[in-house]
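# Breakdown of the fold
Listed below, chain by chain, are the residues.
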Amino acid sequence: PPFNEGTLTISMLFNPGIALAESHRVGLSAERLIMEVPEVKLVGRRTGRAELDEHAEGVHSSEIGVDLHRGGRSKNEIVNDIRARLSVLPVTTNMGQPISHRLDHMLSGVRAQIALKIFGEDLDAIRALAEEMRAGLAGIPGIVDLQVEKQVRIPQLEVVVDYRRAALYGLQPAAVTEQLERLSNGRVVSRIVDGNRRFDVVVRLQDERRTTQGLGDLLIESPAGWIPIRQIAEIVETDGPNQILRENGKRRVVVMANTDGAADMAAGVAQIRRTIADRTLPTGYFVSLEGTFQAQEESMRTIGLLSLVSLAMIFAILYSRYRSVRFVAIVMASVPLALIGSVAALWLAGQPLSVASMVGFITLTGIATRNGILKISHYINLAIHERMAFGPELVVRGSLERLTPVLMTALSAGVALVPLMIAPYAPGKEILHPVALTIFVWLVTATILYTVLTPTLFLRYGRKPLERLVAQARSTNADGLAVPAARKPLESF
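Counting restarts for each chain: residues are numbered from 1 in the order of the written sequence. In keeping with the predicted nature of the model, local features appear solely for residues at pLDDT of at least 70, side-chain atom pairs appear and are counted solely at 80 or more, and the whole-chain, interface and lining totals rest on all residues. To get the side-chain values, take all heavy atoms of the structure and skip hydrogens and water.

### Topic: the pairing of strand S5 (residues 114-120)
The side chains of a regular strand alternate between the sheet's two faces. Accessible area is worked out with a 1.4 Å probe on protein chains only. A residue is then buried under 20% of its type maximum, exposed over 50%, and partly exposed in between. Under the DSSP-based scheme used, a helix requires at least four consecutive residues in state H or I and a strand at least two consecutive residues in state E, with every element numbered from the N terminus. For S5, the tally of buried residues reaches 7 of 7 residues, placing the bulk of the element in the interior. Here S5 shows two buried faces, one formed by Ile 114, Leu 116, Ile 118 and Gly 120 and the other by Ala 115, Lys 117 and Phe 119. Here a strand pair is declared whenever DSSP counts at least two bridges between the two strands. The pairing of S5 with strand S15 (residues 286-291) spans 6 bridges and is antiparallel. Pairing of Ile 118 across the sheet is with Val 287, part of S15.

### Some points on the packing of helix H11 (residues 355-385) against helix H13 (residues 432-461)
Every axis corresponds to a line fitted to the C-alpha atoms, with the helix fit spanning only the stretch in contact, and the corresponding angles, defined between N-to-C directions, vary from 0 to 180 degrees. Relative orientation of the contacting elements H11 and H13 amounts to 25 degrees, with a least axis distance of 9 Å. Here H13 runs roughly parallel to H11, going by the angle between their axes. The crossing of H11 and H13 is right-handed. In the scheme used here, Gly and all other residues not listed as nonpolar or charged are polar, with Ala, Val, Leu, Ile, Met, Phe, Trp, Tyr, Cys and Pro taken as nonpolar and Asp, Glu, Lys and Arg as charged. Partitioned by chemical class, the residues of the contact of H11 with H13 number 14 nonpolar, 9 polar and 1 charged. Roughly parallel here means an angle under 35 degrees, roughly antiparallel means over 145, roughly perpendicular means 65 to 115, and every remaining angle is called oblique. Crossing handedness follows the turn of the near helix against the far one: under a right angle anticlockwise gives a left-handed crossing, and clockwise gives a right-handed one.

### Quick notes on the sheet that holds strand S2 (residues 40-47)
In space, the 4 strands of this open sheet follow the order S2-S3-S1-S4, with antiparallel pairing throughout. Strand pairing shows two members of the sheet lacking a second neighbour, S2 and strand S4 (92-96), which therefore form its edges. Adjacent strand axes in the sheet meet at a mean angle of 20 degrees, parallel and antiparallel pairs treated alike. Note: S2 against strand S3 (residues 61-68), 7 bridges, orientation antiparallel. In the sheet register, Thr 47 faces S3, and the bridge partner there is Ser 62. For this analysis, residues touch if any pair of their heavy atoms sits within 4.5 Å. Sheet contacts for helix H1 (residues 20-35): strand S1 (7-13), S2 and S3; angle to S2, the most-contacted strand, approximately 165 degrees.

### Comments concerning empty space enclosed by the protein
Using only the protein atoms, space was sampled on a 1 Å grid; points where a 1.4 Å probe fits but cannot get out form cavities, open sets with protein on both sides within 12 Å along at least five of seven lines form pockets, and lining residues are those with an atom within 4 Å of a point. Grid points are joined across faces, edges and corners, and a volume is the space filled by probe spheres set on the points. With the rule as written, the count across this model stands at 1 cavity of 30 Å³ or more. For the largest cavity, the full set of lining residues is Ile 367, Arg 370, Asn 371, Val 406, Thr 409, Ala 410, Trp 442, Leu 443, Ala 446 and Thr 447. Looking at the lining of the largest cavity, the elements that each hand over two or more residues are H11, helix H12 (392-421) and H13. Of the residues that constitute the lining of the largest cavity, the class distribution is 6 nonpolar, 3 polar and 1 charged.

### Description of the nonpolar core
Across soluble globular proteins, you tend to see nonpolar side chains buried next to one another. We call a set of buried residues a nonpolar core when its members are Ala, Val, Leu, Ile, Met, Phe, Trp, Tyr or Cys and they connect through side-chain atoms within 4.5 Å of each other. Ranked by internal contacts, the top residues of the largest apolar core, which has 25 residues, are Phe 327, Ile 376, Ile 380, Phe 458 and Leu 466. Of all the secondary structure elements, the ones that give two or more residues to this core are helix H9 (292-322), helix H10 (325-349), H11, H12, H13 and helix H14 (463-478). When residues of this core are assigned to their parent elements, the largest contribution, 7 residues, is made by H11. Core analysis: the next-biggest nonpolar cluster, separate from the first, contains 22 residues, Ile 118, Ile 126, Ala 257 and Tyr 285 among them.

### Some details on the side chain of Glu 5
With respect to the helices, strands and loops of the structure, Glu 5 is situated in the segment before S1. Buried within the structure, Glu 5 lacks any salt-bridge partner; Arg 102 is the closest side chain of opposite charge, at an N-O distance of 7.3 Å. Within the structure, Glu 5 has its side chain in polar contact with the backbone nitrogen of Ser 100 (distance 2.9 Å). Contact partners of Glu 5, with chain neighbours within four places excluded, come to Gln 97, Pro 98, Ile 99, Ser 100 and Pro 427. His residues and chain termini do not enter the charge count, which takes Lys and Arg as positive and Asp and Glu as negative. In the sections that follow, a salt bridge refers to a side-chain nitrogen of Lys or Arg positioned within 4 Å of a carboxyl oxygen of Asp or Glu. Any pair of N or O atoms that falls within 3.5 Å is considered a polar contact. Within protein, one atom must be able to donate a hydrogen and the other to accept it, and sequence-neighbouring residues count only if both atoms are side-chain atoms.

So far we have only geometry, and geometry alone does not tell us how the molecule works.
Okay, structure coming up:
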């Protein structure tokens, strides 16, 4: 199920090339809009990231952290309110949470629940394909925060060195680029010490000199003396990508999206796959759909496989004890029927069929099987040791004598689950609440169901296997051997 961490992480992206002052101004407007939401307690913002950071970002990228009060509205309602308020700003937003964002990043390399990656060599071509994909995904219900990764062309100054002319002045290409790098990126020439604080003194070219005319007049040192750069290089205004991102050696652009929390992610992903299948890509270009849904699909497949293995093992163990397919079927027949109440409870509560609820179903399978074992074993022991004949009297007595342990188990487990069912939208309960809801409702419905269903099935199909076990037990007694059924090994349940 979706996390409810009690905090939000909102990523805001401008077009690359925006000035820090303008980015800061719009960021302040976003903070004020977010603070107008009643459930918001605190807001903090970081604009850009340092160049040496592992996740360096320009000032066109801002990340806002939001701390929430526990109010009356659900997380989805609060997120949709904030999303609507920020829609008036000239930015693209990505709503998430701190841990969820990092999990998304680990799974797909992108901080979004759904990542559609387009791979190719030509940046303009894959950006055009990404825009087409974005337009195709825009009409899918439940898809929000739809955006294309900010790999765009921005204005650049390109310095093309004429190596033959540079050699006339005794300059090597590396020396030219090194001097240009010092002037454009800056060079630390000293350090100021003020108590415990340290400040680097950096020499760099003034911003107003970063033009074709300014750089052309710039003097660089050569063995022949100081010469202007235009003597050995051509300076032109052009454009180029603001960043180049690759994955597995291939250049890629990502179409990112989230779900609104109300729609079914599985249905949305299936529609996205159909949209991708309808597109014909040029030769050498391909797409990859990734995201948190992959982990969910893999978990569901694993749980489904292990469930089949578990049911097969349960069947084998029960058959080794009863030596009757009918008795095993009576015990296990109630398992799928008992899950009906849990599925209905999830549907009424608006909870998705998630990995957490599947864990609850697995727990229920064990409890359901145990309750069947309690009754069937007691019926057999009454027939062997009390010499009761098969019929309603045996079944009624066995059911009443086993009713107390069944009710004790249901009551103790149900009371323990009550705290997890209160305030389902509180942070931290999004994982345990579906498990508690699944088990609690099952305890109520299954207790009623087992009271009627197991005795009915035993009366309908249990005569022949019971008479066979009784005959075997009496035959074994007549030979002076131990009676296996007399051990009552399952009465401990």
